[in-house]
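# Geometric and topological summary
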Amino acid sequence: MINKGFKFSQSSLTTFKQCRRRFLLRYLQHMQWPAPLTDHLSEWEQTIQRGLFFHQFILQESLGLHVEAAIHKSDDPLLRTWWDNWRKQAPDMPRGELFSETMLSVPFGERRLVAKLDRVIFAEDGRVLIFDWKTGRRKPKQAEYVDNWQTLVYRFVVVEAGALLTGGHPVDPANVSLIYWHAQYPQAIQPIIYSSAEHEAARNRLTQKMAEIEGLPDEAAYAKTEDLTECRRCEYHTYCERVSPRGEDWDIDEDELDWDLLPEAEL
Amino acid sequence: MNMAPEFNRAINSSLNEKYTYFLAGPLVAGQRQALIVRLRVLLEAGVPGYAILVLLPDRATARRFRQQVDELDLGPYGAVDLQTYYGLASRLIRLFWPLVADSAGFAAPERPPVFLNYETAQYLMGQLSEPLLAQGYFEGLSMRPQRIISQLLDNLNKAAVAGFALGEVAPRLAQAWTGEASRLRLYEHVQICIDLYRGHCLQHGLLDASLVFEVFNRHLVAKDEFWRYFTERFRHLLVDSSEEMVPVAHDLVRRLLHQSDSALLTGDVQAGFRIFLGVDAPGAAELQAECQESIVVEPANCADPHLTAFAGRIGEKLGQGRTVESAGSPRLAVVDLVQTRYRSQMIESVARQIIELINKGVAPGEIAIVAPHADGVLRFLLAETFRAADIPFAVIRRYETLREEPVVRACLTLAILAHPEWGQSLSVFDLAEALERALKPLDPLRAELVARHLYDLRSGQLKNASELNAKMRERIGFAAVERYEILREWLESYRAEEPGAFDHFLRRLFGEILSNCELEPEDAQVYSKLIASASSFRQAAPAMDLKGTDIGKRYVEMVLAGVVAAQYLTDVDLEEAPESIALVAPVYTYLLSGHVARYQFWLDIGSMSWWDPLHQPLTNHYVLARRWNQDERWTDAVDFSIRNQNLYRLVRGLCLRCRGGIYLCASDSEGRGEVQDGPLMMAVQQVLQERA
Ligand code: SF4
């Protein structure tokens, strides 16, 4: 079912946890199914746009570009507030080598595990800080972040592949921490540290999970979830014949955000 | 496809001595594999992925390339930038917008850019040129406005990819012109329209493809801050099929070439098929000359000798000089010449021969059918025959207009029903076609019954199903009538609501009515593309002076008028159907795919479409090329010679991508009764008669 070179990511592993069928449809069959997730499509669209712009402004700023004028002229007050939060309450950034919007990929048997990192800093004092900007609707809860696939995958991948960014020096898990910074709730999540023991535990968990997924024999084994609240925020609800009123607790998956509306040309 | 062993030298060359290689020869020599292996060498040596730029000629190639890279057995690596020139340019313009917007001349540089897709660009050009057309611009040209618009946009793109100023378009066209003086007036009109359009884009922060090329090439790359970032980041350069790239892409490669730690370029300087997009094969030859070392693989060393000989002989007949002697025999390249009276007979014969080949053990994936156009009759007849014989068959073609797609037509029909304020009328036929999809499962006959009995032509509204008599209700089917009522009520309640964005309407229509388990995933994909297209149109709407429900109305009118689709509507790509017989059109789509067939069927070889570009009085691909000598004149002799040269390129490209033999297929007349004796047919006959 799963091709050689298939790329597991925090998003796909999270999806598998939420619903195996959704994993099948989205990541194995690449099925596009443009059903709305909410009745408030304008709000949904704006949330995506705002997230994209915010990520882009931070990236532009890191390149030394002047973004203030664009933010002041923006007709989105929330985006301006977020930038204000960033100005006043951005997380500490130690001096060191900084990499923005970097994708790292590590082998896992015949498959790969990838992480799309908003920012990594290899600090002069030896610390390795992974930053992830959050722009979703929900107020983040520390406990949810400590124990999710994103935290596990990001820290694991940076330790396994970080040497690519350090000129060959291996990354010690004990030096790694992951900092989630939410534009709306800048103080909500504390840095999440890492250790060698956690790294080995992460490897085992990933190995087991991938084996479990790869062991599924056929499409039918990618079962529909029992949890109907998942269906209420899933674009495939009509495909799966799980039609019910749309929920209002939708959110965006920042890992999948992309300027994909960029028109295409053949050259 | 095997890779020529000579390429290994380049693949394993130094990683940091600024060594630059060019691998030259036909694609079948394995240059693309060489690039992938080189990429592997770089990554295995610990070069971070973000330091490698891979430039590819088109999106389909980029997709295939990525898939192959994903399948490599490699240790950890950083993701590599696999980009087309346009993709790279648009991404970097978005990122460096604060640096470049002002100097590029945008009136409000602090506003984010709005990228226009091709549909929207056509709409905008149509809007801006409409008053001028009403004043008599382009009078005397018997041509649909749509074709005028696409030629105007073509001029903008040609200037941008060749890297000359927009103001030079009309002077260049005029200087080369040798015909009637009245044409010069048309060129003046062209210049006024394109200047107006460019001015509007700059005023409103709109970037069409031409501005993406121009802003990137002329403004962004010229900024020291940008160039420092770009060259510090991309230390290794890999370029695939450089002959399929435009001059400004070659400029970028040339500049980067001398600053990279290593560079590996590939190309076939005798190819370069997409001349209509401005690609420049001689520019690839210039890059080759700038590289420190070239490794050249001749066709004789990587392709079938008989097919190479056939291509060479056709080239001679087309006046393309004497070709290199080949060990092969042109006659042996041709398995059969299928000539029938009617086109349908030709198609039947093709299907029969293919079934025979398969019965002899040839795999369907080893057979390719190429044609200038894959029209409905051709697609239908082949699909039916192969379905009956249980042979996998895939059509790989580009849609020319959005409205060609039944899914799109159905959506727009329902949109018209939902928006009576637009005042657009529908035919029973349109409605029946839409109902067939919206009320699935419903056969065409019943769909027509519903449309005839339940559509009020005068009000443009659907009637309540209670107006059906019992007999009709039974004929249509109770379940279908129930589904009809759900649709009717949905439309009614939508009309009662405060109107929202048009693409949101499409999304809801999909989610609440059209998407059920009966819907094919391929159709859902087309819906996605339609929604993306409509959303892109809406984002540009304020700059086109459109508001509210007018946006949807104009969008629907534009699509129904036959706007040429952005390039992203294709059925499937070749690599998605490796085990199927592939019908590919137009021919260059096949040539770019990297597919090598055991047997090729060339259809309609008598058709002028193999030779004849569209009549384009308002533009000229050659005169607007960077390479055009401005002292030259566009005469019939030049025109004739260039067409022959292009035809030879196609023939050579196809022959190099075939291992076993070709079937040349023609019919005496098409449906319109025109005799089919185009230049390809004439050349083929001459070559075959030589040996008879
Ligand atoms: S609708 Fe429900 S069952 Fe179907 S993919 Fe989505 S979450 Fe899974």
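The structure displayed is predicted, hence computed values, not measured ones.

Quick look at the overall build of chain B now. Within chain B, the secondary structure is distributed over 28 helices and 17 strands. The C-alpha radius of gyration computed for chain B amounts to 27 Å, which stays within 12% of the reference 26 Å derived for 692 residues, consistent with globular compactness. Overall, the C-alpha framework of chain B stretches about 80 × 65 × 65 Å when taken along its three principal axes. Counting all 692 residues of chain B, 60% fall into the buried class. Taking the intrachain contacts of chain B between residues at least 6 apart in sequence as the baseline, contacts between residues at least 24 apart amount to 80%. Summing over all exposed atoms, chain B offers an accessible surface of approximately 27200 Å²; the carbon and sulfur share of this is 50%. The distance from the centre of the 71 positive side-chain charges to the centre of the 87 negative ones in chain B is 0 Å.

Attention now moves to the site of the ligand. All residues in the neighbourhood of the ligand are listed as Cys19, Arg22, Lys224, Thr225, Glu230, Cys231, Cys234, Tyr236, His237, Cys240 and Arg242 of chain A. With respect to the detected pockets, the ligand is housed in the second largest cavity.

Another point: the packing of aromatic side chains. Applying the stated criterion across every chain, the model contains 53 aromatic pairs over all chains. For the ring pair phenylalanine 6 of chain A and phenylalanine 8 of chain A, a centre distance of 4.9 Å and an interplane angle of 80° mean the geometry is edge-to-face. By the burial criterion, phenylalanine 6 of chain A is buried, and phenylalanine 8 of chain A matches it. Taken together, the ring pairs connect Tyr85, Tyr86, Phe96, Phe213, Phe216, Phe226, Trp227, Tyr229, Phe230 and Phe234 of chain B into an aromatic cluster. One residue, arginine 205 of chain A, lies across the ring of tryptophan 149 of chain A, its end atom 4.5 Å from the ring centre. Cation over ring: arginine 183 of chain B sits above tryptophan 177 of chain B, and NZ or CZ is 4.1 Å from the ring centre.

What follows covers the sheet that holds strand β8 (residues 262-267) of chain B. Residues and elements named next belong to chain B. A sheet is described by the order of its strands in space; here six strands give the open sequence β4-β2-β7-β8-β1-β9, paired in parallel fashion. The open sheet terminates on both sides in strands that have one partner only, identified here as β4 (81-84) and β9 (293-296). Geometrically, the sheet is characterised by an average inter-axis angle of 15° between neighbouring strands, direction not taken into account. The sheet contact formed by strand β1 (residues 19-24) and β9 spans four bridges and is parallel. Among the inter-strand pairings, phenylalanine 22 is bridged to a residue of β9, identified as serine 294.

Turning our attention to the environment of glycine 205 of chain B. All names here are of chain B. Along the polypeptide, glycine 205 turns up in the loop between α9 (182-204) and β6 (206-207). The class for glycine 205 is buried, based on a relative accessible area of 12%. Considered as a pair, glycine 205 and serine 466 are 261 residues apart in the sequence and their alpha carbons are 52 Å apart.

Moving on, we come to the confidence of the model for chain B. Residue and element names in this part refer to chain B. For chain B, the mean per-residue pLDDT works out to 91, and 96% of the residues sit at or above 70. The element-level mean pLDDT for chain B is lowest in strand β12 (residues 393-397), coming to 84, with strand β7 (residues 236-239) highest at 98. In the predicted complex, the global pTM is 0.92; the interface-specific ipTM is 0.93.

Bringing empty space enclosed by the protein into the picture now. Going through the model one piece at a time under the given rule, you end up with six cavities of 30 Å³ or more. If you add up the space inside the largest cavity, you get close to 110 Å³. Together, Lys7, Met103, Ser105 and Val114 of chain A together with Arg66, Val69, Asp70, Tyr77, Ala79, Val80 and Leu82 of chain B line the largest cavity. Mapped by element, the contributors of at least two residues to the lining of the largest cavity are β2 (96-108) of chain A together with α3 (59-70) of chain B. Each pocket or cavity is described by its volume, and for the second largest cavity that value is around 90 Å³.

Glancing now at the side chain of serine 105 of chain A. Among the secondary structure elements, serine 105 of chain A is positioned in strand β2. Residue classification places serine 105 of chain A among the buried positions, given a relative accessible area of 3%. Within the structure, the side chain of serine 105 of chain A is placed 2.5 Å from the side chain of arginine 112 of chain A, a separation counted as a polar contact. With near-sequence residues (within four places) excluded, serine 105 of chain A lies in contact with Arg112, Leu113 and Val114 of chain A together with Gly75, Pro76 and Tyr77 of chain B.

How each quantity is defined
- Numbering of residues begins from 1 in every chain and follows the order in which that chain's sequence is written.
- Lettering of chains starts at A and numbering of ligands starts at 1, both following the order in which they are written.
- Thresholds applied to this predicted model are a pLDDT of at least 70 for local features of residues and 80 or more for the giving and counting of side-chain atom pairs; totals over whole chains, interfaces and linings are not thresholded and use all residues.
- Only hydrogens and water are set aside when side-chain values are computed; all heavy atoms of the structure are taken into account.
- Segments assigned H or I by DSSP are reported as helices when at least four residues long, segments assigned E as strands when at least two residues long, and all are numbered from the N terminus.
- A radius of gyration in this sense is built from C-alpha atoms; the matching globule rule multiplies 2.2 Å by the number of residues raised to 0.38.
- Under the scheme applied here, a residue whose accessible area is under 20% of the maximum for its type counts as buried, over 50% as exposed, and between as partly exposed, the area being computed with a 1.4 Å probe on protein chains only.
- Any pair of residues with heavy atoms lying within 4.5 Å of one another is described as a contacting pair.
- Here the accessible surface of atoms and residues is derived via Shrake-Rupley with a 1.4 Å probe, and residues count as covered only by protein chains that are part of the display.
- As used throughout, the charge tally considers Lys and Arg to be positive and Asp and Glu to be negative, leaving His and the chain termini uncounted.
- By convention, the charge on Lys lies at NZ, on Arg at CZ, on Asp at CG and on Glu at CD.
- Throughout, the term near means that a residue has one or more heavy atoms lying within 4 Å of the molecule or strand in question.
- Site definitions follow a grid-based scheme: protein atoms alone, a 1 Å grid, a 1.4 Å probe that fits but cannot get out for cavities, and for pockets an open set with protein on both sides within 12 Å along at least five of seven lines, plus lining residues having an atom within 4 Å of a point.
- Molecules are considered to sit inside a cavity or pocket once more than half of their atoms lie within 2 Å of its grid points.
- The criterion for an aromatic pair is that two Phe, Tyr or Trp rings (for Trp, the six-membered ring) have centres within 6.5 Å, with stacked assigned to planes under 30 degrees apart, edge-to-face to planes over 60 apart and tilted to the rest.
- Charge over a ring is defined by NZ of Lys or CZ of Arg lying within 6 Å of the ring centre and within 35 degrees of the ring normal.
- Only strands that DSSP links by at least two bridges are regarded as paired with each other.
- Each axis is a line fitted through C-alpha atoms, and for a helix only the stretch in contact is used; angles between axes span 0 to 180 degrees, taken between their N-to-C directions.
- For every residue, the predictor assigns a confidence score, pLDDT, that lies between 0 and 100.
- Grid points are joined across faces, edges and corners, and a volume is the space filled by probe spheres set on the points.
- Residues adjacent in sequence count toward polar contacts only when both atoms are side-chain atoms; beyond that, a polar contact is any pair of N or O atoms within 3.5 Å, and within protein one must be able to donate a hydrogen and the other to accept it.

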